[in-house]
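Below, each chain spelled out in residue letters.
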Amino acid sequence: MRKPEPIVEVAATGRYLPDCVVTNDDLARRVDTSDEWIRTRTGIRERRIAPAEVLAADMGAAAARQAMERAGVEPGEVDILIVSTATPDRWLPSTACDVQARLGCSNAVAFDVMAACSGFIYGLSIAEGYLAAGRGEVALVVSAEKMSSIVDWDDRSTCVLFGDGAGAAVVRPANGSGRGILSSHLRSDGNLANLLHRPAGGAAMPLTEAVLAERSHLVRMEGREVFKNAVRSMAEAADLALQQAGLTADDVELLVPHQANIRIIEATAKYAGIPMDRVFVNVDRYGNMSSASVPVALDEAVEQGRIKAGDDVLMVAFGAGLTWGATALRW
Ligand code: UT7
């Protein structure tokens, strides 16, 4: 198959992680768990937790500033600002508008994408379409997640899994550079929404004292079912994105998967036929930062020299919705 010519490239990335490190032992002092259980079942050793005053928009803006600086982009040059978040700072307006105000991107159209952990992959694809249609020259895709604000800190089956952080990417027309998005495969299945959701707090079940007492406004997850679907969906998305890009698993220099659980990452890599020495892992240090996981991993991989100019990279993610997707990218 003829390899596609990228229409847009990722010009630069950035990240922000809160300073506060919470270890498994710290959590074991709060809920009935242990470092051993968390490490062996998930691969997580510690995660970052943002203080109350640091909002998703603050983290997103910090990651975006770094990406813009590296790309040499001024705030006024941004045409479209897409923020993916499962933890908007408030329900109205969008977190994207709050990020826009912090950055001073006054010429941009700004809006949120709700695709949970797949949000960065969705955001990149939307940015690609917008720029391909000739509607602008610079897109900013920001994934900002304050998961600590929506987990139930008394539920050991979920609170040990998540962390806070943000990642960002500046996307621009590739202009024949050969760099950029080779293919993108996105999917979702709303029939499985209740496997991972926040039952209350929205219009269907507004906040009441009863809701607060039973904590149904916080994250609920059927872990085992989500696990099975995650492996199946990410493997499928990885296959299709590679096919569409005219690549095979051997061509992939680095797999950058969503960081929910080391066992999910290992199973996905195995299905995709990519050995673990070509898979980026940071779930041990940050836990699951929802949509921020992929861009933070991408940014660290570039910084560590694991991705070099001309390398083919495969990003793959999965999350609530259910949503999933993969992007093949030439760096
Ligand atoms: O971002 C995308 C969405 N999220 C994911 O992709 C997460 C997908 N799911 C998972 O990663 C795994 O299912 C978990 C890590 C959440 C759970 O691992 P598991 O191997 O599926 O465990 P389990 O839910 O089947 O629970 C096994 C046991 C249970 O005890 P019993 O019923 O066997 O006595 C749980 O009560 O482990 C118990 N357990 C814990 N024990 C100590 C659950 N959470 C904990 C805990 N510490 N934190």
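Details of the pattern of salt bridges
Thought 1: As enumerated under the stated definition, the model contains 17 salt bridges in all.
Thought 2: Among the ionic pairs, aspartate 299 bridges to arginine 15, the shortest N-O distance being 2.7 Å. On the criterion of sequence distance, the pair formed by aspartate 299 in helix 11 (residues 293-303) and arginine 15 in strand 1 (residues 8-16) is long-range, its members being 284 residues apart.
Thought 3: A network of salt bridges, in which partner residues are shared, links Arg15, Arg70, Arg285, Asp299, Glu300 and Glu303.

Focus on the packing of aromatic side chains
Within a pair of aromatic rings, the relevant descriptors are the distance that separates the centres and the angle that separates the planes.
Thought 1: On inspection of all chains with the given rule, the structure shows zero aromatic pairs.
Thought 2: Lying across the ring of tryptophan 331, arginine 179 places its NZ or CZ 4.8 Å from the centre.

Considerations on the domain arrangement of the chain
Thought 1: Per the domain assignment, the segments making up the chain are domain 1 (8-177) and domain 2 (181-330).
Thought 2: The centre of domain 1, based on its C-alpha atoms, is set 14 Å off from the matching centre of domain 2.
Thought 3: Facing the 52 residues of domain 1 at the interface are 45 residues of domain 2.
Thought 4: Across the interface of domain 1 and domain 2, roughly 3,800 Å² is buried in total on both sides, 59% from carbon and sulfur atoms.
Thought 5: Of all residues in domain 1, the largest losses of buried area upon contact with domain 2 belong to Arg15, Cys117 and Ile121, amounting jointly to 18% of the total for that side.
Thought 6: At the junction of domain 1 with domain 2, the criterion picks out seven salt bridges.
Thought 7: One salt bridge in this structure joins aspartate 299 and arginine 70, with 2.8 Å as the shortest N-O distance.
Thought 8: Viewed at the interface, domain 2 and domain 1 are joined by 24 residue pairs in polar contact (both at pLDDT 80 or more).
Thought 9: Those elements that place two or more of their residues in the side of domain 1 that touches domain 2 are strand 1, helix 2 (35-42), strand 3 (46-48), helix 3 (56-71), helix 5 (119-132), strand 6 (139-146) and strand 7 (164-173).
Thought 10: Top contributing element to the side of domain 1 that touches domain 2 by residue count: helix 5, with seven residues.
Thought 11: Class assignment for the residues of the side of domain 1 that touches domain 2 results in 22 nonpolar, 17 polar and 13 charged.

Quick look at the site of the ligand
Thought 1: The environment of the ligand is made up of 23 residues, and the closest members are Thr33, Arg41, Arg224, Asn261 and Asn288.
Thought 2: The backbone of glycine 223 places a nitrogen or oxygen atom 3.1 Å from a nitrogen atom of the ligand.
Thought 3: A distance of 2.9 Å separates an oxygen atom of the ligand from a polar side-chain atom of histidine 258.
Thought 4: The fraction of the free accessible surface of the ligand (960 Å²) that becomes covered by protein chains is 76%.
Thought 5: Where the shell around the ligand is concerned, the elements lending two or more residues are helix 2, helix 6 (156-159), helix 8 (223-245) and helix 9 (262-272).
Thought 6: No other element matches the four residues that helix 8 contributes to the shell around the ligand.
Thought 7: Two domains each donate at least three residues to the shell around the ligand, and these are domain 1 (8-177) and domain 2 (181-330).

So, the sheet that holds strand 8 (residues 180-188)
Thought 1: Pairing within the open sheet is mixed, and its four strands lie in the order 8-13-12-11. Both edges of this open sheet fall to strand 8 and strand 11 (254-257), since each of them pairs with a single strand only. With strand direction ignored, the average angle separating the axes of adjacent strands in the sheet is 10°.
Thought 2: Pairing between strand 8 and strand 13 (residues 323-330): eight bridges, direction antiparallel. Its bridge partner being in strand 13, serine 184 is matched across the sheet by threonine 327.

Rules and cut-offs
- Numbering of residues starts from 1 in each chain and follows the order in which that chain's sequence is written.
- Local features in this predicted model are restricted to residues of pLDDT 70 or higher, and side-chain atom pairs are both shown and tallied only at a pLDDT of 80 or more, whereas totals for entire chains, interfaces and linings draw on every residue.
- The basis for the side-chain values is all heavy atoms of the structure; hydrogens and waters are excluded.
- Here, a salt bridge means any Lys or Arg side-chain nitrogen found within 4 Å of an Asp or Glu carboxyl oxygen.
- Comment: elements are numbered from the N terminus, with helices defined as DSSP H or I runs of at least four residues and strands as E runs of at least two.
- Only centres within 6.5 Å qualify two rings of Phe, Tyr or Trp (six-membered ring in Trp) as a pair; their planes then separate them into stacked at under 30 degrees, edge-to-face at over 60, and tilted for everything else.
- When the NZ atom of lysine or the CZ atom of arginine is within 6 Å of a ring's centre and also within 35 degrees of its normal, the charge is said to sit over that ring.
- An automatic or database domain assignment is the source of the domain bounds shown.
- Residue contacts are counted whenever heavy atoms from the two residues lie within 4.5 Å of one another.
- We define buried area as the total accessible area lost by two parts upon association, computed with a 1.4 Å probe and summed across both.
- Identification of polar contacts relies on pairs of N or O atoms within 3.5 Å, with a donor-acceptor requirement for protein atoms, meaning one able to donate a hydrogen and the other able to accept it, and with residues adjacent in sequence counted only if both atoms are side-chain atoms.
- Asp, Glu, Lys and Arg are counted as charged, while Ala, Val, Leu, Ile, Met, Phe, Trp, Tyr, Cys and Pro are counted as nonpolar; the rest, among them Gly, fall into the polar class.
- Working definition: residue near molecule or strand if any one of its non-hydrogen atoms lies within 4 Å of it.
- Per-residue and other accessible areas follow the Shrake-Rupley method at a 1.4 Å probe size, with only the shown protein chains counted as cover for residues.
- Strands pair, by our definition, only if DSSP identifies at least two bridges between them.
- Axes, fitted as lines to C-alpha atoms, cover a helix only where it is in contact. Angles between the N-to-C directions of the axes lie from 0 to 180 degrees.

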